[in-house]
Amino acid sequence: MGEVDAATMEPMWPEGASDEYITARIELAKAERTLRDQIEDVAAARRRVPPGLLVDDYSFAEGPADLGQPEPIRTTTLRELFGQHETLVVYHLMFHPNDDEACPMCSLWVDGFQGVAHHLGQRTSFAVIAKAPLPKLREWALRRGWDGLRILSSHDTTFNADLNAERPNGDQRPMISVFTAEDDGVRHFYTLPANFHDDTQRGIDLLSPVWNILDLLPAGRGEWYAENHYAGRERRA
């Protein structure tokens with residue numbers, strides 16, 4: 001990024017801000033632009049990865065679009081989830097079959113996907129898949145208000161294990177995957193777990209506005225962690 005000063009950029013401060021503040025804010029603006037460029041470089045590198053593995057056409061359990069209706073239950077294949085699109089994004093919801101609720105952090109992410117699903121649908125297909133049995137999964141989706149998303153259960157399938165969204169001991173891993181529709185089947189393109197390769201966290205932070213907004217605060221995100229239930233906010237029925 002070239003030289004920038006207060007005279008060559010739109011101000012990002014109120015009238016009367018100190019010279020010290022303005023100087024610091026300009027330096028921060030340069031760093032923010034550099035970060036944007038790095039994000040775009042990584043996105044370009046992602047698009048250059050070699051073709052991934054052809055995967056099985058897994059079958060999932062799916063109920064009606066109305067989450068309040070328990071039936072009918074149908075079998076939906078991975079290929080069918082593409083619909084008219086050539087790509088499919090799957091969020092692997094961390095919801096162990098023995099748990100009564102999904103992971104709070106995963107629920108936060110899916111809350112966000114619910115809000116933008118109609119936008120995503122203009123470009124790609126999107127689905128949320130979890131290992132929990134379908135009735136339990138749909139009950140949780142109803143309480144969260146995820147009526148704009150396709151919610152499917154991979155219970156009694158090897159989908160999670162095969163995609164490494166499940167550890168050998170059965171623990172579920174939060175991650176997001178992208179698949180492409182090919183003439184000879186469904187091909188895995190990309191998976192991004194919540195933890196990086198060195199097990200540090202924040203792997204999928206960019207997929208949620210919550211963290212990015214909290215990072216704007218003077219104290220940053222701090223030690224805040226999402227919860228499934230907040231005081232004063234009733235669960236949806």
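The structure presented is a predicted model; accordingly, all values stated were derived computationally and were not measured.

Asker: Hey, could you go over the layout of surface pockets for me, with residue numbers and the actual values?
Answerer: The computed volume of the largest pocket comes to approximately 1300 Å³. Around the largest pocket, the lining comprises 32 residues; the ones closest to its centre are Arg46, Tyr190, Leu192, Leu206 and Leu207. Contributing elements (two or more residues each) for the lining of the largest pocket: helix H1 (19–47), strand S4 (87–93), helix H2 (104–120), strand S7 (175–182) and strand S8 (185–193). Per element, the largest residue contribution to the lining of the largest pocket is nine residues, and it comes from H1. When grouped by side-chain class, the residues that make up the lining of the largest pocket number 18 nonpolar, five polar and nine charged. The residues that make up the lining of the largest pocket include at least three from each of domain 1 (17–48) and domain 2 (53–193).

Asker: How would you summarise the pairing of S4 if you had to cite specific residues and measurements?
Answerer: Most of S4 sits inside the fold, with six of its seven residues counted as buried. The pairing of S4 with strand S5 (residues 125–130) spans six bridges and is parallel. In the sheet register, Leu93 faces S5, and the bridge partner there is Ala130. At this point the chain moves from S4, through H2, to the parallel S5, and the crossover so formed is right-handed.

Quick notes on the rules
- Residues numbered from 1 in each chain as written.
- Predicted model: local features only at pLDDT ≥ 70, side-chain atom pairs only at ≥ 80, totals over all residues.
- Heavy atoms only, no water.
- 1 Å grid on protein atoms, 1.4 Å probe; cavity = no way out; pocket = protein on both sides within 12 Å on 5 of 7 lines; lining within 4 Å.
- Points joined across faces, edges and corners; volume = space filled by probe spheres on them.
- Helix = DSSP H or I, 4+ residues; strand = E, 2+ residues; numbered from the N terminus.
- Nonpolar A, V, L, I, M, F, W, Y, C, P; charged D, E, K, R; others polar.
- Domains from an automatic or database assignment.
- Buried < 20%, exposed > 50% of the residue type's maximum accessible area, 1.4 Å probe, protein only.
- Pairing = 2+ DSSP bridges.
- Right-handed = clockwise from strand over helix to strand, strands pointing away.

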